[in-house]
Amino acid sequence: MRIVVLTGAGISAESGVPTFRDADGLWEGHRVEDVATPEAFELRPRMVQEFYDARRAALAGVEPNPAHRALARLEEVLGDDLFLVTQNIDDLHERGGAQRVHHMHGELLKALCRACGSRLAWQDALVDFPPCPGCGLPELRPDVVWFGEMPYGMDDIYAQLRTADLFVSIGTSGAVYPAAGFVQLAAGARVRTLELNLEPSEGSHFFTESRHGRAGDLVPVWVDEVLALVGNPG
Ligand code: BJW
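What counts as what
- Residues numbered from 1 in each chain as written.
- Predicted model: local features only at pLDDT ≥ 70, side-chain atom pairs only at ≥ 80, totals over all residues.
- Heavy atoms only, no water.
- Salt bridge = Lys/Arg side-chain N within 4 Å of Asp/Glu carboxyl O.
- Helix = DSSP H or I, 4+ residues; strand = E, 2+ residues; numbered from the N terminus.
- Buried < 20%, exposed > 50% of the residue type's maximum accessible area, 1.4 Å probe, protein only.
- Near = heavy atom within 4 Å.
- Polar contact = N/O pair within 3.5 Å; in protein donor to acceptor, adjacent residues only side chain to side chain.
- Nonpolar A, V, L, I, M, F, W, Y, C, P; charged D, E, K, R; others polar.

### Topic: the pattern of salt bridges
Under the criterion given, the structure shown has 19 salt bridges. Its salt-bridge partner being Arg214, residue Glu14 comes within 3.5 Å of it at the nearest N-O pair. Of this pair, Glu14 sits in the loop between helix H1 (10–13) and helix H2 (32–35) while Arg214 is found in the loop between strand E9 (209–212) and helix H9 (215–230), placing the two residues 200 residues apart along the sequence. Among the residues examined, Glu14 registers a relative accessible area of 30% and is labelled partly exposed. Where Asp91 meets Arg95, a salt bridge forms, and the shortest distance between an N and an O atom there is 3.2 Å. Look at Arg95 and you get partly exposed, because its relative accessible area is 35%. What you see here is one network of salt bridges that share partners, running through Arg21, Arg31, Glu33 and Asp34.

### Some words on the site of the ligand
The environment of the ligand is made up of 37 residues, and the closest members are Glu14, Arg55, Thr172, Ser173 and Tyr177. For the ligand, an oxygen atom lies 2.7 Å from a polar atom in the backbone of Gly148. Broken down by class, the residue content of the shell around the ligand amounts to 19 nonpolar, eleven polar and seven charged.

Structure (structure tokens):
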């Protein structure tokens, strides 16, 4: 069985990472739409760097939860038949044990050089604009996808969506495109679709099936169901 799983901020909520659009979803008083744009970075570069520096530093204090670990268990059995694409820029899928994670909105632990295009593993603060190890220019920004920018790996994602047996969306509000459109694309290719979310998302009515509750409860149960179907060697 070939499965595409899309995850959003809701899967990391129980690890203590705030979501974007829930009641407590303001980041230090900023709406994400006001800081996650190239225009915000041009106008207020220090503010935007500090926003991402704070989130990068906060990663050290959070741990993967049962939903991340359940998906890693699924990957262990399905291998390349699981395509895990996340909108999240944290590294909780990887720390939960997943090895093939497609970060369509980039990664907090990477920096992108605006001068030479290098993408580098990065742990430290960027607010003081350290020189790029590649070209030496002080042009590093977080390697994340802002509004108006092209998410990473779209051709691969679309190809996987068209040929999957099942598309599963976990912990995402369905407010941000292109990810919000994946369910319609999959449904158009006659792929079965399942939503696992705290509440109905904006595109909930497009899914074949929806289950509502906490990811930490729903995802392990769903993974057990799939493993029972495909014959879990463990
Ligand atoms: C739980 C839970 C628990 C809580 N358990 N669940 C007009 C119409 C259509 C499109 C556009 C438009 N105007 C502009 C656009 C395009 C634009 C867009 O979509 N804008 C919208 C605002 C309308 N998109 C773009 O610009 C994208 N690029 C693009 O489109 O390029 C052109 C293109 C053309 C053709 C093909 C492909 C591309 C880029 C979007 C970049 C988004 N970037 C951000 C910031 C990234 C870095 C960062 O993290 O700071 O990505 S914005 C932010 O939203 C972040 C997230 O990944 C993204 C999605 O949020 P997510 O994950 O859904 O979180 P929430 O908070 O919204 O929802 C959480 C959900 O979890 C809720 O439903 C809760 O109920 C649930 N939940 N606890 C289970 N315990």
